[in-house]
Amino acid sequence: MSKLVTIFGGSGFVGRYIARRMAQRGWRVRVAVRRPNEAIFVRTYGAVGQVEPVLCNVRDRDSVRAALQGAEVAVNCVGILSEVGKNTFGLVQHYGARHIAEEAAAMGIGRVVQISAIGADAQAKSEYAKTKGLGEAAVRDHCPDAVILRPSVIFGPEDQFFNRFASMSRFTPILPVTGGMTKFQPVYVDDVAEAAAMAAAGEVPAGTYELGGPEVRRFGDLMEDMLELVGRPNRIVLNLPFFLSAAMATVFDLLQSLSLGLFSNSVLTRDQVTNLAVDNVVSPGMPGFAELGIAPTAMDAVLPEYLWRYRPAGQFYEIREAAKRLGS
């Protein structure tokens, strides 16, 4: 019988790519998610019965234990960008990771792969980065042979980075950003998935790997390039001062608190402002794609494949522009 891997958060942005990679390698894949009925699409990644979504909430130790039954490998992709209701950074990114590591260790599961993030640090000012660091520490404590992957900002067809700002550019002449001078090293989601699949298959030595793409760019410059790509170069990228962004984020956070969750702050949080003040690039000397034998994919090779839909004429934008040039 094929080996079984449990992927926590396996229907999310990164998790679905890892699930597909593991299925392609012939593994049985258990996708552990809070809403299995919304993860039915993962079944198409393999043969009948090869990939199955199951109910699991990483905040609940019992459901984690049930999801790990019979598995030989555990992969944790669960993470949040902002807190909503009971899904706090601490409960999801720290204690969730700890539950997985503790149960995996108790069951004798030999391999654990933790998807973290560049900047993870138990002493960080940002709660996002702090709890990512605490989650890493919990995994190392209980599973010293674990592989921890720290990607920079991840891009791909379902991302919440380029898609978000490209969508905004359709409705406003000004594109406001916080931390326009902050450096990023965008990494393609399927490259991260390949690294995770290699680690899950036992092809990667234990340790921490930082994953960044071939280019280091400032946030503002990335937005300028994105606007050019979607045919809206006349939009103005406005770099907001951190004090102004913090004030705005405070109002949005307060609205979420006062509305008892009816308003979910998906615009900008104070913690995101704190995080955006720190460069998000691979640290010097840290192992990464080179040590894994993976050549990271350039943004230019992928972004046009999914950002075209934000152009003024969608897929016909280039044809329309060519016609304008012919008529001029």
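Residues numbered from 1 in each chain as written. Predicted model: local features only at pLDDT ≥ 70, side-chain atom pairs only at ≥ 80, totals over all residues. Heavy atoms only, no water.

Asks: Can you tell me about the packing of helix α1 (residues 13-24) against helix α6 (residues 189-200), naming the residues and giving the values?
Replies: The geometry of α1 relative to α6 is characterised by a closest axis approach of 8 Å and an angle of 55 degrees between their N-to-C directions. Classified by the angle their axes make, α1 and α6 are oblique. Remark: the crossing between α1 and α6 carries right-handed chirality. Here α1 contributes F13, V14, Y17, I18, R21 and M22 to the contact with α6, which in turn contributes V189, D190, V192, A193, E194, A196, A197 and A200. (Axes fitted to C-alpha atoms, helices over the stretch in contact; angles between N-to-C directions. Helix = DSSP H or I, 4+ residues; strand = E, 2+ residues; numbered from the N terminus. Parallel < 35°, antiparallel > 145°, perpendicular 65-115°, else oblique. Left-handed = near helix turned anticlockwise from the far one by under 90°. Contact = heavy atoms within 4.5 Å.)

Asks: If you had to explain the pairing of strand β6 (residues 147-151) to someone new, which residues and values would you point to?
Replies: In terms of burial, β6 is largely enclosed, as five of its five residues are buried. As judged from the three bridges shared by strand β5 (residues 111-115) and β6, these two strands associate in the parallel manner. From the neighbouring strand, V113 faces β6, where its bridge partner is V147. The parallel pair β5 and β6 is bridged by helix α4 (residues 127-142), and the resulting crossover is right-handed. Pairing of β6 with strand β11 (residues 207-211), which is carried by five bridges, proceeds in the parallel orientation. Across the sheet, R150 pairs through a bridge with E210, a residue of β11. (Buried < 20%, exposed > 50% of the residue type's maximum accessible area, 1.4 Å probe, protein only. Pairing = 2+ DSSP bridges. Right-handed = clockwise from strand over helix to strand, strands pointing away.)

Asks: Go over the sheet that holds strand β4 (residues 73-76), please, and point to the residues and values.
Replies: One open sheet holds the seven strands; their spatial order is β3-β2-β1-β4-β5-β6-β11, and the pairing between them is parallel. Of all strands in the sheet, those with a lone pairing partner are β3 (51-55) and β11, marking the two edges. Put simply, the sheet's adjacent strands are angled 20 degrees from each other on average, direction ignored. Two strands pair when backbone bridges link them, and β4 and β5 are joined in this way by four bridges, in the parallel orientation. Considered in β5, the bridge of V73 is made with R111. In this fold α4 packs onto β5, β6 and β11, with an angle of close to 165 degrees to the strand it touches most, β6. Packed onto the sheet, α6 meets β4, β5, β6 and β11 and runs at close to 160 degrees relative to β5.

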